Amino acid sequence: MYRIRFHGRGGQGMKTAGRILGTAFFLAGFEVQDAPRYGAERRGAPIFAYVRASRNPIFERGIISRPDLIIVADDHLPAMPGSGVLAGAGEQTVFLIYSNEEASLWQERLNLQGSVFTLPPLAENELRFRGAACAGGAAALLAELDVELLAEAVREEIDPLGSELVADNLEVALAAYAALAVNRGTVHEGGPVSAIDYASPDWLKLPCEETLLSAPAIHAPATSEMSQTGLWRSERPLIDESRCKRCWWICSTFCPDGAIQVDEERRPHIDYGHCKGCMVCLNQCPTHAITAVPEEEAAAQGEKP
Ligand code: SF4
Ligand code: SF4
C-alpha cells in the first residue's frame, strides 16, 4: 500500500493535492482513501492531507504514521514542531519539498535517510496553484501514475471551478510532473503495518518541582513570536490613516492573531510578520479604512513586508 502525506498551510491547496493524487490512483485501478486534516484554524495554519492507495481493500484507518512519501508545500513548516512534517519518516520515506534551497541541504538539515527532491519554482502568479504542483510532483515519483492519469485527475477535480482554472492547474501540475519524471518509481509501497509491530515508548521520568501557584504559563496571544505566520499571505491589509478613526479596540480585538498593535496615539499598526491575511480586520473596520492589496502589488509599491 502507498501511504502519502501532503503538508502545507491552510489555503495552499493540500486538500486539492490529495484529491488529485487520490483520483489519479483511482483511475489507475487502485482502492483509495484521501482526506485532509485540519482543526478550527484559519488559512495559514499548518495542515496536512493524506492518501492511501492499494490494489487490495484498505482496512487501515486514521492518520498515516509511516509515510512512503512526504510532500511539503511550504519550507518553513519543517521548523515548526506542531506541523508534524517528519512524523514517522524512515529509511524508505521519500521527501519532496517546495523550496529554493538544494535537496541535499534539506537532506542534511533534517537528517533524512530516504531520497529528497525539490519541486520546480513557481512564478508569483502560479503560487495559488501550489497544490496542483505538489500533486504533479508526487505523481511523477510513482511508477503507476503516468502523465495522462494525472491530467485526467486534474480535470476531474478542478472542473467544477471552471475551464480557466482547469487549464491553469493543469499547466502547473504537468510542469511539476515533467521536472520530476526522471525520478519515476522512486517511491515504493510500504508493507502492512500491524499493531503487533507497535513498540511502546520508553518510560520517561520527568522532574517535578513543587509549585506554590497553579496558573497558566501562557498569558497573552501571539506568544509564538518565532513562528512567522505572516510568511504565507496572498493579500496584505493596509490601513489608510486618513480614514482611520482610531477606534483601535475594534480591529485589534478582532484580529485572531493579535497582529494589530496600538501605539500611544491610539494608531493601529499591523505586524506583518504575524498577520496571516485573513482579512477579519477589514470586515470589522467600521470606516472601511483597511483595504486588501495583493502581496506582489504592495511590494511593487515599495510597502515593506
Ligand atoms: S477599526 Fe478601522 S478605523 Fe478603527 S482603528 Fe482599526 S483601522 Fe482604524
Ligand atoms: S491584521 Fe487583519 S488580516 Fe492580519 S491576521 Fe489580523 S485580522 Fe487577519
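So, on to the site of ligand 2. Ligand 2 sits among 13 residues. The nearest are C255, C275, C278, V280 and C281. A class-by-class count of the residues in the shell around ligand 2 yields 10 nonpolar, one polar and two charged.

The next point concerns helix α3 (residues 130-140). Of all the 11 residues making up α3, 11 are buried; the element is thus mostly covered by neighbouring parts of the structure. Of the positions making up α3, those classed as buried are R130, G131, A132, A133, C134, A135, G136, G137, A138, A139 and A140. Packed against the buried residues of α3 are β1 (2-9), α1 (14-27), β4 (69-72), β5 (94-97), α4 (147-158) and α5 (163-180).

Here we come to the nonpolar core. If you look at the biggest cluster of nonpolar residues, it comprises 57 residues, and the most contacted ones within it are L21, L96, A138 and A139. With seven residues, α3 is the largest single contributor of residues to this core. Non-local contacts of L96, meaning those with residues more than four positions away in its chain, are made with L69, I71, F117, L119, G137, A138 and L141. If you look at the next biggest cluster of nonpolar residues, it comprises 10 residues, including C255, I260, I270 and A289.

Another point: the packing of α3 against α5. Contact geometry of α3 with α5 gives a least axis separation of 7 Å together with a crossing angle of 35°. Helix-helix and strand crossings are classified by hand; for α3 and α5 the assignment is right-handed. From α3, A132, A133, A135, G136, G137, A139 and A140 reach across to α5, where they touch N169, V172, A173, L174, A176, Y177 and L180. Looking at the contact of α3 with α5 residue by residue, the classes come out as 11 nonpolar, three polar and no charged.

Turning next to the site of ligand 1. Taken together, 13 residues lie near ligand 1, and C244, C247, I250, C251 and C285 sit nearest. Broken down by element, the shell around ligand 1 gets its largest block of residues, three residues, from helix α6 (residues 248-254).

Counted at 1.5 Å a residue, the expected span for α5 with its 18 residues is 26 Å, and the 26 Å between its end C-alpha atoms agrees. By the burial criterion, the buried members of α5 are N169, V172, A173, A176, Y177 and L180. The buried residues of α5 occupy an angular sector of 135° when projected down its axis, which confines them to one face. Those residues of α5 that are exposed and aimed more than 90 degrees away from the buried face are S163 and E164. Tucked inside the fold, the buried residues of α5 contact β6 (116-118), α3 and α4.

All right, on to the sheet that holds β4 then. Taken together, the six strands give an open sheet; going across it, the order is β2-β3-β1-β4-β5-β6, and neighbouring strands pair in mixed fashion. Only two strands of the sheet have a single partner each, and these edge strands are β2 (31-37) and β6. Sheet twist, expressed as the average angle between the axes of neighbouring strands with direction ignored, equals 15°. In this structure, β1 lies alongside β4, joined through four bridges in parallel fashion. Within β4, the position partnered with R5 by the bridge is I70. Packed onto the sheet, α1 meets β1, β2 and β3 (46-54) and runs at close to 5° relative to β3.

Per the domain assignment, the segments of the protein chain are domain 1 (2-192) and domain 2 (229-300). A straight line from the C-alpha centre of domain 1 to that of domain 2 covers 33 Å. Facing eight residues of domain 1, the contacting portion of domain 2 comprises nine residues. By residue class, the composition of the side of domain 1 that touches domain 2 is no nonpolar, two polar and six charged.

Another point: the environment of R267. You can see R267 is positioned in the loop between β8 (260-262) and β9 (268-270). Among the residues examined, R267 registers 13 C-beta atoms within 10 Å and is labelled partly exposed. Counting along the chain gives 22 residues from R267 to K245, while the straight-line C-alpha distance between them is 8.7 Å.

For the pair α1 and α3, interaxial distance at closest approach is 7 Å and the crossing angle is 35°. As α1 packs across α3, the resulting crossing turns out to be right-handed. Touching M14, T16, A17, I20, L21 and A24 of α1 are G131, A132, C134, A135, A138 and A139, all from α3. Classifying every residue of the contact of α1 with α3 by side-chain character gives 10 nonpolar, two polar and no charged.

Turning to unusual backbone geometry, a few remarks are in order. Positive phi outside glycine occurs at R246, with the angle close to 60°. With respect to the helices and strands, R246 occurs in the loop between β7 (235-239) and α6. Even without being a glycine, M279 presents a positive backbone phi close to 65°. Counting through the fold element by element, M279 comes out in the loop between β9 and α7 (280-284). Given 16 C-beta atoms within 10 Å, M279 falls into the partly exposed group.

What counts, and at which threshold
- Residues numbered from 1 in each chain as written.
- Chains lettered and ligands numbered in written order.
- Predicted model: local features only at pLDDT ≥ 70, side-chain atom pairs only at ≥ 80, totals over all residues.
- Near = placed C-beta within 6 Å.
- Nonpolar A, V, L, I, M, F, W, Y, C, P; charged D, E, K, R; others polar.
- Buried ≥ 20, exposed ≤ 12 C-beta atoms within 10 Å, placed from the backbone.
- Helix = DSSP H or I, 4+ residues; strand = E, 2+ residues; numbered from the N terminus.
- Contact = placed C-beta atoms within 7 Å.
- Core = buried A, V, L, I, M, F, W, Y, C linked by C-beta atoms within 7 Å.
- Axes fitted to C-alpha atoms, helices over the stretch in contact; angles between N-to-C directions.
- Left-handed = near helix turned anticlockwise from the far one by under 90°.
- Expected span 1.5 Å × (residues − 1).
- Arc of directions from axis to C-beta.
- Pairing = 2+ DSSP bridges.
- Domains from an automatic or database assignment.

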